[in-house]
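# Examining the three-dimensional arrangement
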Amino acid sequence: KEGGSKKDLWALDNFEIGRPLGRGKFGNVYLAREKSSHVILALKVMFKVELSRAGISHQVQREVEIQTHLRHPNVLRMYGYFHCDKRVYLLLEYARHGELYKVLRSQPNSRFTEYHSANYIAQLVSALKYLHSKKVIHRDLKPENILIAANGQLKIADFGWSVWSPNERRTTLCGTLDYLPPEMIEGCKYDEKVDIWSLGVLCYEFVCGKPSFEAAKKSETFKRIARVDIRFPQFLTDEVIDLICKLQEILNLSNIRSTERWPERLNIIASAKESTPVFLQPWGSCI
Ligand SMILES: Cc1nn(C)cc1-c1nc2c(-c3cnn(Cc4ccccc4)c3)c(Cl)cnc2[nH]1
């Protein structure tokens, strides 16, 4: 609501609440309808005490500050927010087809065709170009944070981890490391390029059915990311391998695809200019 007087503030009574759309660690998301306009939206409800206990109240404030000012077809709108003594309510655009990861997992072999993937990656590139032009780094780009709207458009959501660029992480990482670049998992200074790395992991997952550095244990994922230990299956085209390598800054590779499926190469041989191949060095410390 525009204007600043008390009467212009949203309240729960302005909405009819529908079915739950999703359940998260700090609250749930419900389908809702604004009573006077009948606009359909997603209402994210979080408990203040939970946010405070987890020390992330500042993250929610930053999420609101950032997302309410963003306007792009591939970025989920946040129309506004309100709160009461116990809860914070975020008024979000409703994405009719839900979460991308569920659509991805429902595909044969949990992967999209390269054609389908190209369309999605192009939309994410458009969104990231916009976000980075506003000096916003998302920092948590993964299939779980991407929604699909009625017209098939992707919508980047959940800006709870977003920050203004450049930045240094001050909050402990939690959840999957799969999509994070070496500089973030090693606690170094970083800039918006972290989102480009995550886009490379997403692109890999779209066409392969699992993220680039997936491993049974987090410690193994950490090592694979730090060493940029990526392996490409035989069924990928050279074009998509080239795109993923460029997104993950893997330069001058040659013969990285084995004749067997899922080659067990422990490292990628960079075909540097020198006559003998140079192994990618394990990620050096950032100091
Ligand atoms: C699920 C689902 N199925 N279908 C058919 C549509 C949807 C849908 N979900 C959304 C959602 C939505 C729901 N959950 N989540 C993840 C979540 C849950 C709890 C806390 C934080 C984040 C997002 C939104 Cl925001 C916005 N629009 C949504 N649309």
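Residues numbered from 1 in each chain as written. Predicted model: local features only at pLDDT ≥ 70, side-chain atom pairs only at ≥ 80, totals over all residues. Heavy atoms only, no water.

With that settled, consider the site of the ligand. The ligand sits among 18 residues. The nearest are Leu21, Gly24, Ala95, Arg96 and Gly98. Between the ligand and the protein, one listed contact pairs a nitrogen atom with a backbone N or O atom of Ala95 at 2.6 Å. Going through the elements one at a time, β1 (15-24), β2 (27-34), β3 (40-47) and β5 (87-93) are the ones with two or more residues in the shell around the ligand. The element that contributes the greatest number of residues to the shell around the ligand is β1, accounting for five residues. (Near = heavy atom within 4 Å. Polar contact = N/O pair within 3.5 Å; in protein donor to acceptor, adjacent residues only side chain to side chain. Helix = DSSP H or I, 4+ residues; strand = E, 2+ residues; numbered from the N terminus.)

Here the focus is the side chain of Gln248. Its place among the elements puts Gln248 in the loop between α8 (238-247) and β10 (269-270). Here Trp197 takes part through its backbone oxygen, which lies 3.4 Å from a polar atom of the side chain of Gln248. Discounting residues that sit within four places of it in the chain, Gln248 has contacts with Trp197, Gly200, Val201, Ser212, Phe213 and Ile230. (Contact = heavy atoms within 4.5 Å.)

Moving on to the packing of aromatic side chains. The full count for this structure, using the stated rule, is eight aromatic pairs. Between Phe82 and Tyr89, the aromatic rings sit 4.6 Å apart at their centres with planes inclined by 15 degrees, giving stacked as the arrangement. Tyr89 shares its class with Phe82; the two are buried. On the numbers, 5.9 Å between centres and 50 degrees between planes, the contact of Tyr204 with Phe232 is tilted. With Tyr204 in helix α6 (residues 193-208) and Phe232 in the loop between α7 (218-226) and α8, this residue pair connects regions lying 28 residues apart in the sequence. (Phe/Tyr/Trp six-rings, centres within 6.5 Å; stacked < 30°, edge-to-face > 60°. Buried < 20%, exposed > 50% of the residue type's maximum accessible area, 1.4 Å probe, protein only.)

Below, the discussion takes up the pattern of salt bridges. Pairing is possible between side chains of opposite charge, provided their charged atoms come close. Per the stated rule, a full pass over the model turns up 14 salt bridges. Measuring nitrogen to oxygen at the nearest pair gives 3.1 Å for the salt bridge that ties Lys102 to Glu99. Residue classification places Lys102 among the partly exposed positions, given a relative accessible area of 45%. A relative accessible area of 22% places Glu99 in the partly exposed class. Lys142 is paired through a salt bridge with Asp140; the nearest N and O atoms lie 3.7 Å apart. For the pair formed by Lys142 and Asp140, the shared burial category is buried. (Salt bridge = Lys/Arg side-chain N within 4 Å of Asp/Glu carboxyl O.)

Inspection of the secondary structure puts His69 in the loop between α2 (57-67) and β4 (78-83). A distance of 3.4 Å separates a polar atom in the side chain of His69 from a polar atom in the side chain of Thr68.

With that settled, consider unusual backbone geometry. Positive phi, close to 65 degrees, is recorded for His38, a residue that is not glycine. We note that Lys135 has phi near 65 degrees; this positive angle belongs to a residue other than glycine. Looking at the element boundaries, Lys135 is found in the loop between α4 (114-133) and β6 (136-137).

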